[in-house]
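Observations on chain architecture
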Amino acid sequence: MKGEVELKLGFGSHTETRKVEVPDGDAPPWDLNTRFTVVGTDTDRLDGMQKASGRAKYTYDINLPGMLYGLIVRSTIARGKLTALELEEARKMPGVRAVIAIKEAGKKVRFVGDEIAAIAASSIDLARDAAEKVGITYEAEDHNVDYLQAQGAPVVDDSGSVADDWTAHEKVDGALGKADVVHTGTYRTEVQTHSSLESHGQVARWDGDDLEVWSSSQATFGHRGELAAAMQARGYKTGSVVVHAEFVGGGFGSKFSAGVEGLACCALAREAQAPVKLMLNRFEEHTCTGNRPAVLIQIRGGVQKDGKLVAWDWRSFGGCGHNGGGGGAAQPDHYLGGIDQRRDHKDLATDTDPARPMRAPGHPQGYFGAELFLDELAMKAGIDPLELRQKNDKQVIRSEQWRMGADKFGWQKARNPKPGSPMPGDDPRFLRGCGLASARWGGMGGGQSGCTCRIHADGTVETRNGAQDIGTGMKTVMAVLTAEELGIAPAMVKATMGHTNDPSGPGSGGSTTTPSLAPTVRHAAWLARLELGKLVAKQLGVPAETVKFAGGKVGPGAPMLSWDDACKLIGPNPIETQGKRFPNYKDAAFNNGVCGAQFAEVLVDTWTGIVKVTRMLAVQDCGVVLLKKLAESQVLGAMIQGMSYALHEQRLLDRRSGRMLNGDFNNYKIAGPADMPEMECIMLSVANGHTNTGAVGLGEPPSVAAPAAIANAVFNAIGVPVRHLPITPDKVLVALSQRKGA
Amino acid sequence: MTREVEDPHGSAFSRRAFLKGASVAGIAGATASAATAAGKTLLGRRKPEVFGPGEHEIQLKINGKQRLVKVEPRTTLLDALRERLDLTGAKQICDRGACGGCTVLLDGEPVNSCLTLAMDAQGHELTTVESLSDGDKSHPLLQNFVACDAMQCGFCTPGMVMSSYACLQKRGKPDRAQIRHDLAGNICRCGTYGRIFAAIERTAQAGGR
């Protein structure tokens, strides 16, 4: 493939033809004229039965002969200095095989849970017994775990608003002066933990100087490099390092690094001369492995009578850990093009573990503030919230999503015409309302990656990459792309991921695994197809370019060889090809990223303040939809996670001790089976044209809108905004008491 | 521990003798109410068997087969299954009965194996997720979990399968409210609940249990 091609891109009636420069050697790109046989269908998850039957082996399930159990001894104070560390008593305990210091005396202690030492013993119970014998002496210092008490924090008054005045800003103030309606609001969110169900951790085994690690990882190659460097830094002669992550029990952004636990596990295994399994417990997960930080957002804005935004003034304060970073909140730029605006953000450090990226970092919290602000502004201006969005957002994909979603959801009928009053026909105890919100994300993919494709003489096909499938279905994507290219069924393709001996791939972050890898996988399959095509052409005496692959047959049309007969031409060594990732085509993308629109309906119990989400709908694009059923699964899951964030999740820290008060799943609530609304997801496939497959990322965008849509639905139901997530019954009861006439 | 204590019912009573009598297992301890302690039951009838500290060999009936396993008295059923018998389908997620990831059936009833001591599981019929498939053969419920894509990362899935299986065993054709009720002890972070409901309903409709 080389040179300029014409691609028909877009969706539905919104199509355009573009001339795209395709790099030399790439597979011919797909567009709207491509007739797919398996791409976009409801293919089953290929490793689904392994997961359902309990036979899938996660890191946590790896049991090796002679394996020891490791744990980390952690700080019980939030800030201070480690003055002495005594490990000898622990070393003498039954079953103990290795004890290492992680922090030397004299070093700073930065949060409750900071790593001090690590122990490996023949059972986890014996390791726990030994942990009690570790002698730790601190010099404690005053600490602060509340970002709104940190230096530089804004003064928040009793109503929840920032008390001090904003400094003047000529342009924004001028624009606000010309607005018909001006509004100000202050919005807050709390800390959400990733709560991956498989905890962070590793199993490490040394064979001489070679290290083999099973890691609950969302970046196998990142972990490999990190662990190799750390072992060398520790003075261990280190040969090869191999990381396995064939199954990963969730990550959501918290598992990019092998972490201190990974380094400790490998060091313990080296010291003990035995394999070690070190998996964190739930308390450690909640307190030591990052989180989505809390944020306080203040917004001023104004609209004209017709709903056109004219000014946007935003400042936010992000709660962070001891490193003081990562607290930013994203804004819905698609509403804000070309208007006068100011944006300020300040991160505030606390004596807690650092924030980590969590599914659409900054977005659910920022969009909650911005979208609720817009609904408040719309109400003040007497404009329908949907109209306000449509007036300010002309993006063609999202416009279609608003239209499809409003139609499917029955927006006009579902809206409570009199917020704060029962809908006609409802029990007056319950207030019903509905809301909507938008999403936006990038996720175009890129970087370097590789893929091995093999076709064997017995007709079996392999596709291999060393990155991880954290539950998105990437293995199934690989099989489907390969099957599409070769004209066979996906079940005939064995897709393998999660071993760093295979070609490299990206970390699963920023919704980039699929858009980064899909073109590489397809390229490998396309090269393999060319090879097999040559053999078949030679056999049949036809030109190679006339050979087609379809319906499990290979040939120029007539005659066609069956797949098995075609593969018999291969010989003892398989066809083996290496796919590569070409850069995204220049100026080709129909859209640089993805959009998304979500709708939610709630029922608020005015007696208890409990909010029940009754219906949710998402309309979501992600470039070319490669696997319909699995894509829908991801969207539905993100909506549930968003609902959980909107209504339940909050990390509670004791200010005095700095310790988490609800560091478990009994008191840190995440949404469960009993909370489920009726849910629906519509996937909008868009031929995007920026790679040979046109896939864009999906993991993050559907998690952006859900909390905001629910907050807006609560506002529509009760007529008073609840500006502080999670929307718990206490806050709802306070809001209800502020209703007009209450 | 050798301190003489006042018996609440009036007679002098050695704490050490009481503890010796009560150390049969947690079950005896739990029934050692003031009334029992005052009577003779724990003090005389039979010589109590003392387990621990250290390991002791016990017999567990798992998926129809008797298995011998060495455990400490404090070892949970979950740890015995996973770390001693390499039955790793059941998962430890919360370690305190809040997530359902470790669900197994004990005499047909779903229990949290992280809250069950391995020694207390002796003499009961245990069923784990591994019993629902054998090579290429699998229970219709598992097939429907796959067909409905009732999983993402899959870590909660074996626990979900066992709660779903127990629901089907108990109710035959459960309605949506019953399914929600029976699964209420299981959590999933990826958000697969709706698809799990669908997998159960599909299995029930086809007459599978």
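The rules behind each value
- Residues numbered from 1 in each chain as written.
- Chains lettered and ligands numbered in written order.
- Predicted model: local features only at pLDDT ≥ 70, side-chain atom pairs only at ≥ 80, totals over all residues.
- Helix = DSSP H or I, 4+ residues; strand = E, 2+ residues; numbered from the N terminus.
- Rg over C-alpha atoms; globule rule 2.2 N^0.38 Å.
- Buried ≥ 20, exposed ≤ 12 C-beta atoms within 10 Å, placed from the backbone.
- Contact = placed C-beta atoms within 7 Å.
- Pairing = 2+ DSSP bridges.
- Axes fitted to C-alpha atoms, helices over the stretch in contact; angles between N-to-C directions.
- Parallel < 35°, antiparallel > 145°, perpendicular 65-115°, else oblique.
- Left-handed = near helix turned anticlockwise from the far one by under 90°.
- Nonpolar A, V, L, I, M, F, W, Y, C, P; charged D, E, K, R; others polar.
- Core = buried A, V, L, I, M, F, W, Y, C linked by C-beta atoms within 7 Å.
- Domains from an automatic or database assignment.

Right, let's talk about the overall build of chain A for a bit. Along its length, chain A carries 17 helices and 29 strands. The C-alpha radius of gyration of chain A comes to 28 Å, within 12% of the 27 Å expected for a compact globule of 742 residues. The buried share of chain A, taken over its 742 residues, is 59%. Here the analysis covers contacts within chain A between residues at least 6 apart in sequence; of these, 79% occur between residues at least 24 apart.

Looking now at the sheet that holds strand β26 (residues 575–580) of chain A. Residues and elements named next belong to chain A. Taken in spatial order, the 4 strands make up an open sheet running β22-β21-β20-β26, and their pairing is mixed. Bordering the open sheet on either side are β22 (493–496) and β26, each of which pairs with just one other strand. Across the sheet, the mean angle from the axis of one strand to that of its neighbour is 15°, orientation sign disregarded. Relative to β26, strand β20 (residues 450–455) is paired through 6 bridges, and the arrangement is antiparallel. The partner of T452 across the bridge, within β26, is Q578.

This part is about the packing of helix α15 (residues 628–647) of chain A against helix α16 (residues 702–718) of chain A. Residue and element names in this part refer to chain A. Two elements in contact, α15 and α16, have axes whose closest approach is 8 Å; the angle formed by their N-to-C orientations is 45°. As judged from the angle between their axes, α15 and α16 are oblique. The interaxial crossing formed by α15 with α16 has right-handed handedness. Each of Q634, V635, A638, M639, Q641, G642, M643, Y645 and A646 in α15 lies in contact with α16, whose residues at this interface are P702, S703, A706, P707, I710 and A711. Split by residue class, the contact of α15 with α16 holds 11 nonpolar, 4 polar and no charged.

Attention shifts here to the nonpolar core. Residues and elements named next belong to chain A. In terms of nonpolar packing, the biggest core is built from 278 residues, with I119, L268, I710 and V714 touching the most fellow members. Examining the composition of this core, we find that 12 residues originate from one element, α16, more than from any other. The residues contacting I119, other than those within four sequence positions of it, are G70, L71, V73, A90, V96, V99, A127, A130 and A131.

To continue, consider the interface of chain A and chain B. How big an interface is tends to be reported as the loss of accessible area on association of its parts. Between chain A and chain B, the residue contacts involve 45 residues of the former and 45 residues of the latter. Of all the elements in the fold, those that place two or more residues in the side of chain A that touches chain B are α1 (48–52) and α15 of chain A. Considering only residue class, the side of chain A that touches chain B consists of 19 nonpolar, 16 polar and 10 charged.

Residues and elements named next belong to chain A. With respect to topology, 3 strands assemble into an open sheet ordered β23-β24-β25, the strand pairing being antiparallel. Only two strands of the sheet have a single neighbouring strand rather than two, namely β23 (548–550) and β25 (561–562). Pairing between strand β24 (residues 553–555) and β25: 2 bridges, direction antiparallel. Note that in β25 the partner of V554 across the bridge is L561. Across the sheet, helix α13 (residues 513–540) lies against β23, β24 and β25, angled at about 60° from β24, the strand it touches most.

All names here are of chain A. In this structure, P559 follows A558 across a cis peptide bond, with omega equal to 5°. As for its placement among the helices and strands, P559 is situated in the loop between β24 and β25. The residue after L725, namely P726, is reached through a cis peptide bond having omega -5°. Inspection of the secondary structure assignment puts P726 in the loop between α16 and α17 (729–737). For S195, which is not a glycine, the phi torsion comes out positive at approximately 55°.

Time to look at helix α6 (residues 140–147) of chain B. Judged by how many residues are buried, α6 of chain B sits mostly within the fold: 6 of 8 residues are covered. Among all positions of α6 of chain B, only L141, L142, Q143, N144, F145 and V146 of chain B are buried. As for α6 of chain B, its buried residues are in contact with α1 of chain A together with β8 (133–134), β9 (137–138), α7 (157–171) and α9 (193–205) of chain B. One or two residues past the end of α6 of chain B sits D149 of chain B, with phi positive at roughly 50°.

All names here are of chain A. Under the domain assignment, chain A is made up of domain 1 (22–56 + 446–580), domain 2 (59–143 + 200–279) and domain 3 (292–320 + 333–350 + 363–443 + 590–737). Distance between the C-alpha centres of domain 1 and domain 3: 38 Å. Secondary structure elements with two or more residues in the side of domain 1 that touches domain 3: α12 (474–486) and α13. With 6 residues, α13 is the single largest residue contributor to the side of domain 1 that touches domain 3.

Before going further, it helps to spend a moment on the domain arrangement of chain B. Residue and element names in this part refer to chain B. Taken domain by domain, chain B consists of domain 1 (4–44), domain 2 (56–131) and domain 3 (133–205). Measuring from the centre of the C-alpha atoms in domain 2 to the corresponding centre in domain 3 gives 20 Å. Of the residues lining the interface, 13 residues belong to domain 2; the matching set on domain 3 comes to 12 residues. A total of 3 residues in the side of domain 2 that touches domain 3 trace back to one element, the largest contributor, which is strand β5 (residues 103–106). Taken together, the residues of the side of domain 2 that touches domain 3 break down into 7 nonpolar, 5 polar and 1 charged.

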